[in-house]
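Here are the chains, one letter per residue:
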Amino acid sequence: MRGGSLTASTAISTEQFIIKWGLYTIPYLALVTSTLLPYGFVTPRVFLFRAIVEILFVIYLVGMMRGRVSPTRSLFGIPILAYAVFVVVLAVTTLTGVNPARSMWGGIERMDGVFQSFHHLMFLLLMVLVFSKEDDWLWFFRISLGVSLVVAMFGISEWVSAGPSHRPISTIGNAGYLGEYLLVHVFLGIFLAARDAKLRRGAYLAVAIVELIALLLTGTRAGALGLVFGLIVIGGLRVMFPKEHRTAVRLRVAVVSLGSLSVVVAGTWGIGQVGFMSGMTAPIRRLMTLINDTAANRLYAWKISLRAIWDKPVLGWGPNNFDRAFNQFFQPRSDLTTPPHEDWWDRTHNIILDLGISSGVVGVIAFVLLLSIVIWAFYRTAHTTDAPKLQGPMIVMIGLVLGYFVNLLFIFPVLTTSILFVSVVGYANYYWTQSTSDSHQTKLFAKPYSKPVRVSIGCIVAVTILALYNWTIIPVDRLYRFTLALPTSSTVVNQAAIDRIRTTLNNQPFDQRELRFMVAHMAMNTSGNSNISRFIQHSLLNLAAMELGLQVALDHEDLRPFWDLADVLYQRALADPALAEAAADAYQRAIRVSPKQPQLYMGLADSFILGEDLESAERALQQVVSYVPRWVEPRITLVMIYIITKQEQQLSLAQKALEELIREQRGSLTYTANEAQRLASAYYGTEDPDMATQILNHQMEMD
């Protein structure tokens, strides 16, 4: 089963040959990016993946109709059935969730709805149906490893050119996702070194080392933890398994493996502490810092997730609906000096909690069962195979699966790694079915096909072609037109550009949510720009407000459109204070969706101040202070309100609390430039102007 060449065999049909080569193009999607579509690291490769899979699926079905290909019962082992069950669970919980449309299609930013899961299942079916020999699987893995080398080299060159503290994103688009992608391929390189011919082992290991270096440069702790855990699993199983090794040899291997791991960890930590190498070791130091703001935010989101799971424990909230649960159970963190950087979340960054929220206990069980079956397939092969040389590769595959799982406990999967995981499931299925007896090599459908079978296959072909046209070709065309409609510079925003944006928004075949947010953010960013006329700014804000109003009507329990709508209306109120009441009303509606978001109360207070309703602004600010007592900004605003309203007793208490807060945070009475100016102006309105002068002088000395 080893070796072989990548050539067409006379034993396979033309359809199988075309499908096989089509599947070999899938790993190259990791190199696909484009500025011609929104979210250029996501949408181009996802649409291309769907198109390839759908076209290849139709080719296979047509081949079945012509009698050129026919699946057998023995191809479908327990691993592929477990994956199918997992996708079915996602589909069922989509129907029972709080927003089935969002669960089905996902969003343009992620494009990971259940519709995408169906394509993963189709991709897996095609691999299982066409990859009849182990060499077919090995060639897929070789191609993927070669592509990952290019991705890793891009990442390393990016790190070199951008500076040592930069976290590279390469062609993947995010340092965390890049680390996840490289993690899987480090194990894949080790696997191929253990499975392939001796002359190639050095090359595979060299590629794995390059990818390991790139992985470390990303500073991705999830990937690093997955790597360490997977290597420990491989080392432990390798000592356990080989029967030809004596006990002393096993012990030596264990000692060397654990000792090497200890040296690497200790050395990495030591290098990260060297002061003069602080720039060069920034990614390493990040890896060694397990507790920081990002980790704290994740822990915080996990606590909210547990409450959401407890609320709907069986079937969950439906895929892609975590933000709905997050908004409902949001609790402000009183230990922060400012509200969290993540104003809203759409993932927990933990695969178990993600599935618990999206599909409940049923989804978690289906996923754990899938992982367990895949691991068992490799374990069984390694333990019972008559070929001792298979033990090492199967052990590495177990390490890959478990290392990837540990990584997913801190991040979520994206297309580039999901493709590899699906292919690993297919490879496990291949070895699971190798023990199938000849009696099970029967065709699933008799030939010539009966009329019901032919009609069913024809219907599937028609549905697939319609899906290709309606949900791949048309969306790509409309998204491309939307991208062209967006002004390339703030200086070219005009009424014609606004009209083009409006036209393309109204012709989208599915989810417009993220596109509306893009328009809203563009409107807010251009507001106040001196290069753009007031009329155009107002027109763009009006368009954003109208589109967000439509989004709010579609999903009245989704916080993000409410929040963006309130921000847009506030920007309009800055130019026309008469609209301040509308902005305040929008913030209050957003607060009803998420009643404990401190930033919403801050926006509400600013709107009340614009409308000169200082009493209501004071109540909103006090609410902010109660949620985030260490946030300086609302306290400064409260001081100014107390000055204007001449509330001397409240002013004295507020000033004292503010001074103590700033001393606590900075060790002395120091401020940022903005804080100094605002606080000085507050003190100038009191009987303590000397304090204002002291603040400004101190700030000038620091500057």
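These figures come from a predicted structure and were not determined experimentally. (Residues numbered from 1 in each chain as written. Predicted model: local features only at pLDDT ≥ 70, side-chain atom pairs only at ≥ 80, totals over all residues. Heavy atoms only, no water.)

Undergrad: Is there a simple way to think about the side chain of Glu180 in this case?
TA: As for its position among the elements, Glu180 is in helix α7 (residues 175-195). Residue classification places Glu180 among the buried positions, given a relative accessible area of 0%. Polar contacts involving the side chain of Glu180 include one to the side chain of Asn407, which spans 3.3 Å. There is a polar contact of 3.5 Å between the side chain of Glu180 and the backbone nitrogen of Val414. Beyond its immediate stretch of four places on either side in the chain, Glu180 contacts Tyr404, Asn407, Leu408, Ile411, Phe412, Pro413, Val414 and Thr417. (Helix = DSSP H or I, 4+ residues; strand = E, 2+ residues; numbered from the N terminus. Buried < 20%, exposed > 50% of the residue type's maximum accessible area, 1.4 Å probe, protein only. Polar contact = N/O pair within 3.5 Å; in protein donor to acceptor, adjacent residues only side chain to side chain. Contact = heavy atoms within 4.5 Å.)

Undergrad: Honestly, the packing of helix α20 (residues 534-554) against helix α21 (residues 559-575) in this entry has me stumped. Any pointers?
TA: Packed helix pairs are specified by the crossing angle of their axes together with the interaxial distance, meaning the distance between the axes. One can describe the packing of α20 onto α21 by two numbers: an axis separation of 9 Å at closest approach and a directional angle of 155°. If you check the angle between α20 and α21, you find them roughly antiparallel. Crossing handedness for the pair α20 and α21: left-handed. Counting all contacts with α20, which are made through His538, Leu541, Asn542, Ala544, Ala545, Leu548, Gly549, Gln551 and Val552, the residues of α21 involved are Pro561, Phe562, Asp564, Leu565, Val568, Leu569, Gln571 and Arg572. In terms of residue class, the contact of α20 with α21 is made up of 10 nonpolar, 5 polar and 2 charged. (Axes fitted to C-alpha atoms, helices over the stretch in contact; angles between N-to-C directions. Parallel < 35°, antiparallel > 145°, perpendicular 65-115°, else oblique. Left-handed = near helix turned anticlockwise from the far one by under 90°. Nonpolar A, V, L, I, M, F, W, Y, C, P; charged D, E, K, R; others polar.)

Undergrad: Quick question: what am I supposed to make of the side chain of Thr220 here?
TA: Positionally, Thr220 belongs in the loop between α8 (198-217) and α9 (221-240). At 2.9 Å, the side chain of Thr220 forms a polar contact with the side chain of Thr218.

Undergrad: Can you walk me through the pattern of salt bridges in this structure?
TA: Opposite charge on two side chains permits pairing when their charged atoms draw close. According to the stated counting rule, one finds 16 salt bridges in the structure shown. The shortest N-O distance in the salt bridge between Lys20 and Asp136 comes to 3.1 Å. Residue Lys20 is found in helix α1 (residues 14-24), and its partner Asp136 is found in helix α6 (residues 134-162); the two are separated by 116 residues along the sequence. Asp136 carries the same exposure label as Lys20, and that label is buried. The closest approach of N and O atoms between Arg513 and Glu514, which form a salt bridge, is 3.5 Å. Taken as a pair, Arg513 and Glu514 share a single burial class, namely buried. Put simply, Arg102, Asp323, Arg513, Glu514 and Asp558 are held in one network by salt bridges that share partners. (Salt bridge = Lys/Arg side-chain N within 4 Å of Asp/Glu carboxyl O.)

Undergrad: Can you help me understand the environment of Leu479 in this one?
TA: For Leu479, the position within the fold is in helix α17 (residues 451-485). For Leu479 and Thr43, which are 436 residues apart along the polypeptide, the C-alpha to C-alpha distance reads 9.3 Å.

Undergrad: Would you mind showing me how to read the confidence of the model for the protein chain here?
TA: As a note on interpretation, predicted positions should not be read in detail where pLDDT is low. Overall, the prediction assigns the protein chain a mean pLDDT of 81, with 79% of residues at 70 or greater. A low-confidence stretch, residues 1-10 (pLDDT under 50), is modelled with 20 contacts involving residues beyond four sequence positions or located in other chains. Per-residue pLDDT stays below 50 along residues 245-256; that stretch engages in 7 contacts with residues further than four places along the chain or on separate chains. (pLDDT = per-residue confidence, 0-100.)

Undergrad: In this structure, what is going on with the packing of α1 against helix α5 (residues 114-130)? I would like to understand it.
TA: With their axes 10 Å apart at the nearest point, α1 and α5 run at an angle of 130° to one another. With respect to each other, α1 and α5 are oriented oblique. The chirality of how α1 crosses α5 is left-handed. Note on element contacts: α5 touches α1 through Phe123, Leu126, Met127, Leu129 and Val130, opposite Gln16, Ile19, Lys20 and Leu23. A breakdown of the residues in the contact of α1 with α5 according to their chemical character gives 7 nonpolar, 1 polar and 1 charged.

Undergrad: Looking at this structure, how should I read unusual backbone geometry?
TA: Residues apart from glycine generally show negative phi values, whereas peptide bonds are mostly found in trans. Non-glycine residue Met111 carries a positive phi angle of around 55°. Looking at where Met111 falls in the secondary structure, it is placed in the loop between α4 (100-105) and α5. In this model, Glu612 sits at a positive phi of 60°, which is unusual for a non-glycine residue. Checked against the element boundaries, Glu612 lands in the loop between α23 (598-610) and α24 (614-627).

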